[in-house]
Amino acid sequence: MLLRKQNIIELSEKNFSVENLMKLFEDNRVHFPQEPEIKKPYSENLARLVRAVEIGIPMPVILASELQNGDFLILETGDQLQILLRYIRGDFSVYLEGLSKREIFFRELADQNARLSSMLLRTVFTLRIIDYRTPKYLHMEVGLFHEKWNREREQAVRDALYRGAEIDVLRSISKEIAYYRHNRSLLENEYTTLYMMLFWGVYKNELQITADMCEQELLEAVINELYDMRYVWLDFSDVVSLCFRYFYQYGRRELHHTRSKDTKYNEKVFGLLVCFYDMCGMCQYTHRETDKILCELFENKSFINRISSMKITVKDIDDMIFYGKDFIR
């Protein structure tokens, strides 16, 4: 039984002028999880931000994680700060209604309207900073509570927080399902793979976890074991490859299709599917028998409802795995 300690979230707030943030950005001390392609909505948002600065509207507080080396990882969903810093750096031009008849770069704005460009550089953003001593899974909890991340953004933040050999292993393993889910992005496949590995780790009893761990803490436990247990995860990769090859080849993709509002329904299905496929292999069932058993299981409305209502906890994952064992045997 692992000993548990009480973890707390340490927060502080600090004001930065855009000019100071720009220096940190150029020194690679301010990081963003993703670099969005500059499209019309971003240009329009920047134009609104410039207008807000011009009439004195204060900037919103921005959530940030302090990294171990003192750098900042910006967690905001809207990318306002990133777009502004990239504009000042000269990455793109933008049309500013009432100020120009065409799209202009920041250096041109500085030449045409020194007052406004100076106001932009003096604009203050307040960073609400999660202290580096706060456990990383709590950084994720805070971000998920305050921000509206999609799968890609959530995984991009996770990759930045936990970057290192462990994330490299995750990326390598996620390529196993990328072949079958080629219409998904690399980050989406990493996201799904991580949840599948959690289910596998609980199923195989390979993880250093306790029953009271929350979802983000469980995912952190998987990440922490990725490099040290990389050879153990080879078995997982082999089963994933066989499982996905079989079910995608024989048109069983409907097993994970649903109108459920559960945003993690597919991750739960894939996680359970790989475990159950392994169970069928251990029982030495043929492909035909495996197909029949798993289709019956995943087409059972009661079972589907249980998947939708289950939480990502050790107990719920264990319960579903035991349910599957009883059905398969």
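A few points on the structure. Every value quoted in this text rests on a predicted model; they were computed, and no experiment measured them.

What the chain contains, in helices and strands, is 15 helices and seven strands. Reported as C-alpha extents along the three principal axes, the dimensions of the chain are approximately 75 × 45 × 35 Å. For the chain, with 329 residues in total, the buried portion stands at 51%. Look at the contacts in the chain between residues 6 or more apart in sequence, and 71% of them connect residues 24 or more apart. In the form shown here, the chain has an accessible surface area of approximately 17200 Å², with 47% of it arising from carbon and sulfur atoms. Both charge centroids of the chain, one from 45 positive and one from 50 negative side chains, sit 4 Å from each other.

Let us look at the sheet that holds strand β7 (residues 124-130). Within a sheet, each strand pairs with its neighbour through backbone hydrogen bonds, oriented either parallel or antiparallel. Spatial strand order, β1-β7-β3-β4-β2: five strands in an open sheet with mixed pairing. Lying at the two open borders of the sheet, with one neighbouring strand each, are β1 (11-17) and β2 (30-31). The pairing of β2 with strand β4 (residues 72-74) spans two bridges and is classified as parallel. Bridged to Val30 within β4 is Phe72. Helix α1 (residues 18-26) contacts β1, β2 and β7 of the sheet and is inclined by roughly 100 degrees relative to β1.

Right, let's get into the packing of aromatic side chains. Scanning the model with the defined rule gives 13 aromatic pairs in all. Summarising the aromatic geometry, the rings of Phe25 and Phe32 are spaced 5.8 Å apart at their centres and angled 80 degrees between planes, so their arrangement reads as edge-to-face. Classification of Phe25 by relative accessible area gives buried; the value is 11%. Here the aromatic rings of Phe298 and Phe303 are separated by 5.4 Å at their centres, their planes lie at 85 degrees, and the arrangement is edge-to-face. Here Phe298 falls in the buried class, since its relative accessible area comes to 4%. Taken together, the aromatic side chains of Trp200, Tyr203, Trp233 and Phe236 make up a single cluster linked through ring pairs. When the ring centre of Phe105 is taken as reference, the NZ or CZ atom of Arg107 above it lies at 4.8 Å.

This part is about helix α14 (residues 301-309). Turning to α14, its buried residues are Phe303, Ile304 and Ile307. The buried residues of α14 occupy an angular sector of 100 degrees when the element is viewed end-on, so they sit on one face. Of the exposed residues in α14, those oriented more than 90 degrees away from the buried face are Lys301, Asn305 and Ser309. Next to the buried residues of α14 lie α12 (265-282), α13 (287-298) and α15 (314-328).

A positive phi angle is found at Asn28, which is not glycine, with a value near 60 degrees. Residue position: Asn28 is located in the loop between α1 and β2. Judged by its relative accessible area of 52%, Asn28 falls in the exposed class. Phi at Asp79 is positive, roughly 65 degrees, even though this residue is not glycine. Following the sequence through the fold, Asp79 ends up in the loop between β4 and α3 (80-89). The class of Asp79 is buried, set by a relative accessible area of 3%.

Cut-offs used in this document
Residues numbered from 1 in each chain as written. Predicted model: local features only at pLDDT ≥ 70, side-chain atom pairs only at ≥ 80, totals over all residues. Heavy atoms only, no water. Helix = DSSP H or I, 4+ residues; strand = E, 2+ residues; numbered from the N terminus. Buried < 20%, exposed > 50% of the residue type's maximum accessible area, 1.4 Å probe, protein only. Contact = heavy atoms within 4.5 Å. Areas by Shrake-Rupley, 256 points an atom, 1.4 Å probe, with all protein chains shown as cover. Lys, Arg positive; Asp, Glu negative; His and termini not counted. Charge placed at Lys NZ, Arg CZ, Asp CG, Glu CD. Pairing = 2+ DSSP bridges. Axes fitted to C-alpha atoms, helices over the stretch in contact; angles between N-to-C directions. Phe/Tyr/Trp six-rings, centres within 6.5 Å; stacked < 30°, edge-to-face > 60°. Lys NZ or Arg CZ within 6 Å of the ring centre and 35° of its normal. Arc of directions from axis to C-beta.

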